[in-house]
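Spelled out from the first residue to the last, the chains are:
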Amino acid sequence: MKRSADVVVVGGGIVGCAAAYFLSEAGAKVMIVERNGLGSGASGHGAGGFGVSLHWVEPPEHARFMRQAVNYLKWIAPQIGEDTGIDLMWREMPWLEVARTERTWDYMQEWAPKTANKVLDAQDVQRLEPRLSSPIFGGVLGEGNGQVDSYRLTLAYAKGAEKRGAEVAIREVTGLERTGQRVTGVKTSNGTVVCDRVVLAMGAWTQQAEKWVNFPLPIGPLKGELLFLKPKEKQYWPFWVSSYDTVDDQELPIYLHMRADGLVYAGTTAEPGLYDNIPTEKARIGIMHRAIRLMPCIAESELVEHLAGPRPNPPDGTTVLGPIPGWDGLFMAVTLPGIMCSAFMGRIITDLIFQRPLAVSIATFHPKRLAEPVKEHYGYHKLLTDRSI
């Protein structure tokens with residue numbers, strides 16, 4: 001049995017739900033088609049941090065995009081929370097990145113002055129967060145950052161969209177229909193949804209759509225794991241603290257921050273090619289060891305929960321956003337930092353579909369680059385290659 005919509009959003013993660021929110025707000029009849037459940041992938045287990053940390057400062061145009069995305073999220077998220085009655089567990093806090101090796105300190109001193117972040121010497125870092133352990137070579141302080149519960153934000157986008165007439169359908173997408181180059185429908189396990197616009201917001205599963213569109217979409221999973229910890233005593237956590245820890249000559253990432261409910265997030269790991277959401281003992285031990293080395297008081301914390309799941313993994317590490325070549329009416333939106341970029345990407349997708357002026361150029365994020373060889377790695381990819389993580 002065929003059903004219809006103006007726009008079908010394939011994927012019920014945070015980016016897909018954000019797109020549905022803004023599309024429905026603009027007056028489109030929207031259907032979100034999701035195989036498992038809203039926020040069942042990376043959106044349900046992410047740390048929810050928003051802020052442009054040091055490994056995101058390259059390339060400059062992507063860093064600018066992310067800063068605009070953070071500013072837009074900070075403006076719109078409280079409105080979405082109020083509109084839907086969902087407590088997003090919003091908390092703003094500075095981001096303190098700590099250099100614990102000379103290599104990281106050299107990198108910070110090179111790149112931090114090109115951002116709005118403040119470079120700190122070792123004494124300033126220790127004064128701001130005396131619970132940190134040695135060695136400390138220096139650090140960077142970024143203002144205007146914070147944390148939001150990613151799962152609640154995903155549900156808030158979806159609820160806001162549904163209030164404006166959007167529909168959520170739990171079923172598997174099996175293909176696309178088109179006439180000439182124009183997309184005309186989405187094939188699902190329960191029939192075809194007729195439409196004239198489609199947004200692929202499939203996150204870590206984007207590559208599965210290659211056979212539908214006959215265009216390379218080399219975006220797979222990057223599994224990450226994180227821990228929820230309960231401090232032994234009530235503590236004051238003024239900063240989101242992150243660092244790199246040297247183990248066997250490798251620099252491994254670690255971050256610690258306190259949620260609005262008093263639990264401390266500790267993460268993360270980065271394993272390319274893994275789709276599973278099964279927490280592992282190896283990851284738990286590794287995260288705890290790095291967390292304790294960074295801040296010894298963590299040793300007294302109680303483990304409350306251990307989450308794992310696949311994040312989307314674009315080949316060069318940066319956002320992919322825009323129309324898919326060879327199709328009319330078919331768009332895609334995928335990025336690794338989906339939580340902080342979700343609202344901005346949802347707004348841009350809506351402006352593209354309604355042919356409105358864009359707030360920022362997205363030329364460098366166009367999906368056509370996926371058909372070209374990767375020239376340089378950025379973000380987590382840069383950490384995985386240049387830093388040998």
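Structural data are supplied above this passage.
Residues numbered from 1 in each chain as written. Predicted model: local features only at pLDDT ≥ 70, side-chain atom pairs only at ≥ 80, totals over all residues. Heavy atoms only, no water.

J.: Which residues make up helix 2 (residues 60–84), and what values do they have?
T.: Under the 1.5 Å per step criterion, the end-to-end length of helix 2 is 35 Å for 25 residues, consistent within 8% with the ideal 36 Å. I76 marks where helix 2 bends most, by close to 30 degrees; the proline P78 follows one to four residues later. G85, located one to two residues past helix 2, shows a positive phi value of around 75 degrees. (Helix = DSSP H or I, 4+ residues; strand = E, 2+ residues; numbered from the N terminus. Expected span 1.5 Å × (residues − 1). Bend = angle between axes of the 7 residues up to and from the residue.)

J.: Tell me about the pairing of strand 11 (residues 173–179), and please be specific about residues and values.
T.: In terms of strand pairing, strand 11 meets strand 12 (residues 182–188) through six bridges, oriented antiparallel. Looking at strand 12, one finds that G175 is bridged to K187. Between strand 11 and strand 12, which follow one another and run antiparallel, lie two residues, and G180 among them has a positive phi close to 65 degrees. (Pairing = 2+ DSSP bridges.)

J.: Tell me what's going on with the side chain of Q147, and back it up with residues and numbers.
T.: Here Q147 shows up in strand 9 (residues 146–147). Take Q147: its relative accessible area is 0%, and that puts it in the buried class. (Buried < 20%, exposed > 50% of the residue type's maximum accessible area, 1.4 Å probe, protein only.)

J.: Account for the sheet that holds strand 9, naming residues and giving values.
T.: The strand order across the open sheet built from three strands is 4-9-5, with neighbouring strands paired in antiparallel fashion. The outermost strands of the open sheet, each flanked by one partner alone, are strand 4 (49–50) and strand 5 (91–92). Taken together, the two bridges between strand 5 and strand 9 define a ladder with antiparallel strand orientation. Its bridge partner being in strand 9, R91 is matched across the sheet by Q147.

J.: Mind laying out the pattern of salt bridges, listing which residues take part and the relevant values?
T.: Inspection of the entire model under this criterion finds 13 salt bridges. With its nearest N and O atoms 2.9 Å apart, the salt bridge here joins E129 to R131. Measuring nitrogen to oxygen at the nearest pair gives 2.5 Å for the salt bridge that ties D276 to K223. Here D276 is found in the loop between strand 19 (271–272) and helix 7 (281–294), whereas its partner K223 is found in strand 15 (residues 220–230), with 53 residues between them in sequence. In this structure D276 comes out as partly exposed when scored by relative accessible area, which is 28%. Residue classification places K223 among the buried positions, given a relative accessible area of 2%. (Salt bridge = Lys/Arg side-chain N within 4 Å of Asp/Glu carboxyl O.)

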